[in-house]
Amino acid sequence: MSNVSLPFSQYRHCKDALDDVSAIAYFLAKEVVAKYALKYQLQQNEATTLFYVTLATVQHFEQGHSCLPINILKTLTFGRVQDDTYTLVYDMSKCGGLDKLVSLVCQGEDSLIVHDYDALYLRKNRQFEVELSEYFSQRMYSRLPVDVSAAGPLIASLFDYDNQHIDWQVAAVANTLNKGLSVIAGGPGTGKTYTVARLLAVIAALRENANLSTTISLVAPTGKAAQRLSESIAGAKKSLSKQVTRTVLQTIPETANTIHRLLGVIPGKHHFKNDSENKLALDVLLVDEVSMVDLPLMTRLFRALPEHCQVILLGDADQLPSVAVGNVLADIAQRPFSGYSQDNLAYLDQCKVFDDVSALIKTGNQNHLTFLQKSRRFDGEGGIGVLAKAVISSDTEQSWQCLQGQQQDVSLLSGEITSWLPKLINRYYKPLAQSDTIEAAFEALKQFSILSATNEGETGVNAINQLVIQALSPASIDNQQPYFHGMPVMIQENNQALGLFNGDIGIIWQRENGKLYCGFEDSLTNTIKWYVTAKLPQNKPVYAMTIHKSQGSEFNHVVMVLPNNNDSKLLSRELLYTAITRAKQQISVYADQTTWQHAVGNRVVRYSNLDKRLATLPLNE
Ligand SMILES: Nc1ncnc2c1ncn2[C@@H]1O[C@H](COP(=O)(O)OP(=O)(O)OP(=O)(O)O)[C@@H](O)[C@H]1O
């Protein structure tokens, strides 16, 4: 190191002085200063600035941002809040020469922090973003041959619609057929699965006509989401049995996999068995719940796809972004929807599914995209739909009124948690524990869940789980037994060897031999997989779960619990929307007005330049 010194010689000093600094952020900042101070003969003030620049870049990555825009960097301060007082340690807006420092240090081939699109990236994240934008654009703009004279009548036979008006489900099928990559986005119950089951049937039938064999794979980011996709595709296939041939139906798989299982996990490694050197043998890939897929995983998935494979992405762009870095779905499904190009309209016109396609907006260039807007599950007047819409449009007043209104399917809970929880335990969790079979217990588990914004605190997942366990099995607490018959648990880590993954849900069950096991539904074989409880990977009870963990699941009745902490950074309209849309029939909310309105007014922001990279890539049309 040169003769400059670090602002903090040890991590613990840094942690004591600044909020939210991880060990990784500190040690990377230390490494960057050590590497460049000597190389560029930095002055002490420049080395100090570089330390904070690196810290901020890593912190933003840890919060899920792909990058840190320079204009945001310039506004940052570093310090610590204690007893409601903020002690400022470093103010980026007061440091001079930031632009010069950035251009000096963040340009080289070997720099750990990279400057691109007016933002700072950790090198790897920029690589992922550049690589994924290239994969996306190659496929988004590639056109597949379609026998439009066969496709049009086939599509028309699978939908009951009036061809004088635009039906977006029909438009989605026709529009997807000729694209290497397309996105079908929509909220819950807008018919995404209904539509793609028909889309896959049309693809399979057209390929059969052309004497092409077809291998289709269905994937989702989590086991739960894959299981739901399997169930809905199986249901949709049944409804198609009279409309398409048996061979076409057989081409559509009944079961969905997780992305990790499709790619083939190598224990202890980030990369997969299937990659750019060892591609998957697939003709069509459908990815569901894309909002949950992060930037690195999506890039690795695309690396493993053969060039000819048609990709269909499905998801709800209003939901929370992925836990890890990126905002892939929102970046590729940008709103407001700008519509289709003239070329695309000409193609849709040839399909002859509508009398007049001119109503499809023709000024835009989002040809890869279709938004399904009409909910087939909630009627326009239903409380859940109205509440979800008010929340996602940040309408603080209407959403609060809706919670207090007379709608049967929406209610506001008040008082202490202990004043309303026992009733719900009696209604849902006692019958679950008393189910005759584990299959019936899994059915009972789909009826209801409590979703909390946090793990900790009085309204957090851990405290609520404890209250439920106390009510159902006080003896297990007295005897310090971790498990009891009928207790649902969620796995907290991936264990490839056991085939159990973070987010998998099992139920503790006493079998004929009198011993407790944990059973998991296996959607591939439609059976229960049993594990002795002592062998289970890290897990916890799941009467309540975080809203983040509930993504990809649905329940008939959901209770959403928010902390009484109206300025929590955790609370956002996307978080509330995700919880509300997990409910199929009823949503109950436990929150005070200030906290609720703060959350509805707060938007999740994820910094990324994937959208800009896609917009600036040349069109091949
Ligand atoms: N065009 C349609 N005609 C008749 N029923 C439909 C139509 N579209 C969807 N449905 C029905 O509406 C319900 C919701 O559709 P579907 O499950 O496909 O929605 P989704 O968008 O996939 O929902 P989720 O977000 O929960 O996965 C299903 O019962 C489906 O059969």
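Residues numbered from 1 in each chain as written. Predicted model: local features only at pLDDT ≥ 70, side-chain atom pairs only at ≥ 80, totals over all residues. Heavy atoms only, no water.

### Describing the overall build of the chain
Let me state the cut-off plainly: A run of H or I in DSSP counts as a helix once it spans at least four residues, and a run of E counts as a strand once it spans at least two, with each numbered from the N terminus. Atoms considered for the radius of gyration are the C-alpha atoms alone. The globule rule reads 2.2 Å times the number of residues to the power 0.38. Burial here depends on accessible area, computed with a 1.4 Å probe over protein chains only, as a share of the maximum for the residue type. Under 20% is buried, over 50% is exposed, and the range in between is partly exposed. The contact criterion used is simple: two residues touch if any of their non-hydrogen atoms lie within 4.5 Å. The accessible surface values rely on the Shrake-Rupley method and a 1.4 Å probe; as for residues, cover is taken only from the protein chains in view. Two residue types count as positive, namely Lys and Arg, and two as negative, namely Asp and Glu; His and chain ends fall outside the count. For the purpose of locating charges, the reference atoms are NZ of Lys, CZ of Arg, CG of Asp and CD of Glu.
When helices and strands are counted, the chain shows 25 helices and 21 strands. Here the chain has a C-alpha radius of gyration of 26 Å; the compact-globule value for 621 residues is 25 Å, and the two agree. Projecting the C-alpha coordinates of the chain onto the three principal axes gives extents of approximately 80 × 65 × 50 Å. The buried share of the chain, taken over its 621 residues, is 55%. Pairs at least 24 residues apart make up 74% of the contacts formed inside the chain by residues separated by at least 6 positions. A total accessible area of about 27500 Å² is found for the chain, and carbon and sulfur atoms account for 48% of it. Between the averaged position of the 55 positive side-chain charges in the chain and that of its 61 negative side-chain charges there is a distance of 4 Å.

### Observations concerning the UniProt feature "binding site: ATP" (unreviewed entry) in the chain
Definition in use: UniProt positions are given in the numbering used here, feature names are shortened, and annotations may be inferred rather than shown by experiment.
Per the UniProt record, the feature "binding site: ATP" (unreviewed entry) sits at Gly-186, Gly-187, Pro-188, Gly-189, Thr-190, Gly-191, Lys-192 and Thr-193. Inspection of the secondary structure puts Pro-188 in the loop between β6 (181-186) and α9 (192-209). The residue Gly-191 is located in the loop between β6 and α9 in this model. Gly-191 sits in the buried class, given a relative accessible area of 11%. Setting aside residues no more than four positions away along its own chain, Gly-191 makes contact with Gln-169, Leu-372 and Arg-376.

### Quick look at the nonpolar core
Short version of the rule: The set of buried Ala, Val, Leu, Ile, Met, Phe, Trp, Tyr and Cys residues whose side-chain atoms join them within 4.5 Å is what this entry labels a nonpolar core.
By size, the foremost hydrophobic cluster in this structure holds 93 residues, and its most contacted members are Phe-136, Met-298 and Leu-313. Looking at this core element by element, the count peaks at 10 residues for α9. Those residues within four positions of Leu-313 in sequence are excluded, and the remaining contacts are Phe-136, Leu-181, Ser-182, Val-183, Ile-184, Val-287, Val-290, Met-298 and Ile-332. By size, the runner-up hydrophobic cluster in this structure holds 74 residues, among which are Leu-413, Phe-555, Val-559 and Ile-587.

### Quick look at the site of the ligand
The condition is simple: Any residue with at least one heavy atom within 4 Å of a molecule or strand is counted as near it. Side-chain atoms alone can form a polar contact between residues adjacent in sequence; in general such a contact is a pair of N or O atoms within 3.5 Å, and within protein one must be able to donate a hydrogen while the other accepts it. Under this grouping Gly is polar, as are all residues other than the nonpolar Ala, Val, Leu, Ile, Met, Phe, Trp, Tyr, Cys and Pro and the charged Asp, Glu, Lys and Arg.
In the vicinity of the ligand, 13 residues are found, and the nearest of them are Gln-169, Thr-193, Tyr-194, Arg-377 and Glu-554. Within the contact set of the ligand, a nitrogen atom lies 3.4 Å away from a side-chain nitrogen or oxygen of Arg-376. With the chains in place, 69% of the 630 Å² that the ligand exposes on its own is no longer accessible. Looking at which element gives the most residues to the shell around the ligand, the answer is α9, with three residues. Split by residue class, the shell around the ligand holds two nonpolar, six polar and five charged.

### Looking at the pairing of strand β2 (residues 77-82)
Note the following rule: Two strands qualify as a pair provided DSSP detects at least 2 bridges between them.
Examined bridge by bridge, β2 and strand β3 (residues 85-91) share six bridges and lie antiparallel to one another. Note that in β3 the partner of Arg-80 across the bridge is Thr-87. Connecting β2 to the antiparallel partner β3 that follows it, the hairpin turn spans two residues, and Asp-83 within it adopts a positive phi of roughly 50°.

### Brief notes about helix α10 (residues 223-240)
Cut-off, in case you're wondering: To estimate the expected span of a helix, count its residues, drop one, and scale the result by 1.5 Å.
Compared with the 26 Å implied by 1.5 Å per residue over 18 residues, the 26 Å span of α10 between its first and last C-alpha is a close match. If you check which residues of α10 are buried, you get Ala-225, Ala-226, Gln-227, Leu-229, Ser-230, Ile-233, Ala-234, Ala-236, Lys-237 and Leu-240.

### Section: the sheet that holds strand β15 (residues 505-510)
Our working definition: Only the contacting stretch of a helix is used when fitting its axis, a line to C-alpha atoms as for every element, and angles between N-to-C directions run 0 to 180 degrees.
With respect to topology, five strands assemble into an open sheet ordered β17-β16-β15-β14-β18, the strand pairing being antiparallel. For this open sheet the edge positions go to β17 (527-532) and β18 (539-541), each flanked by a neighbour on one side alone. On average, adjacent strands in this sheet sit at an angle of 35° to one another, irrespective of strand direction. As judged from the three bridges shared by strand β14 (residues 488-491) and β15, these two strands associate in the antiparallel manner. Each residue of the ladder has a partner; that of Met-490, found in β15, is Ile-505. The sheet strands contacting helix α19 (residues 438-445) are β14, β15, β16 (516-522) and β17, and the helix crosses β15 at an angle near 140°.

### Here we look at the environment of Ala-497
Looking at the secondary structure, you find Ala-497 in the loop between β14 and β15. Classification of Ala-497 as exposed rests on a relative accessible area of 76%. As for Ala-497 and Pro-267, which are separated by 230 residues in sequence, their C-alpha atoms are 8.2 Å apart.

### A short note on the packing of aromatic side chains
Convention followed: Any Phe, Tyr or Trp ring, taking Trp's six-membered ring, that has another such ring centre within 6.5 Å forms a pair; planes under 30 degrees apart are called stacked, those over 60 apart edge-to-face, and the others tilted. We call a charge positioned over a ring when the NZ of a Lys or the CZ of an Arg lies within 6 Å of the ring centre and within 35 degrees of the ring normal.
In total, this model carries 22 aromatic pairs according to the counting rule given. Between Phe-159 and Tyr-194, the ring centres sit 6.1 Å apart and the planes meet at 65°, which makes this aromatic pair edge-to-face. You can see Phe-159 sitting in the loop between α7 (148-158) and α8 (168-177) and its partner Tyr-194 sitting in helix α9, a full 35 residues away along the chain. Using a relative accessible area of 38% as the deciding quantity, one classes Tyr-194 as partly exposed. Taking 5.5 Å as the distance between ring centres and 85° as the angle between the ring planes, the aromatic pair formed by Phe-337 and Tyr-340 counts as edge-to-face. The residues Phe-337 and Tyr-340 share a single accessibility class, namely buried. Grouping aromatic residues by their ring pairs yields a cluster made of Phe-8, Tyr-11, Tyr-26, Phe-27, Phe-51, Tyr-52, Phe-78 and Tyr-90. The ring of Tyr-194 has Arg-198 sitting right over it, with the charged end atom 3.6 Å from the ring centre. Lying across the ring of Tyr-517, Arg-511 places its NZ or CZ 5.1 Å from the centre.

### What to know about the side chain of Arg-582
Let me state the cut-off plainly: Each salt bridge in this description consists of a side-chain nitrogen of Lys or Arg and a carboxyl oxygen of Asp or Glu lying within 4 Å of one another.
With respect to the helices and strands, Arg-582 occurs in the loop between α23 (573-580) and β21 (583-590). Despite its burial, Arg-582 pairs with no opposite charge, the nearest such side chain being Glu-554 at 4.7 Å. A polar contact of 2.9 Å, which involves the side chain of Arg-582, links it to the backbone oxygen of Ser-553. Dropping the residues within four chain positions of it, Arg-582 is found in contact with Arg-228, Gln-319, Leu-451, Ser-550, Gly-552, Ser-553, Glu-554, Phe-555 and Val-558.

### Quick notes on a nonpolar patch on the surface
Note the threshold: Patch definition: residues with relative accessible area over 30% and no salt bridge; like charges joined within 9 Å; nonpolar side chains (Val, Leu, Ile, Met, Phe, Trp, Tyr) joined within 5 Å.
A surface patch of nonpolar side chains, about 280 Å² in accessible area, is lined by Val-81, Tyr-86 and Leu-88. By secondary structure assignment, the location of Tyr-86 is in strand β3.

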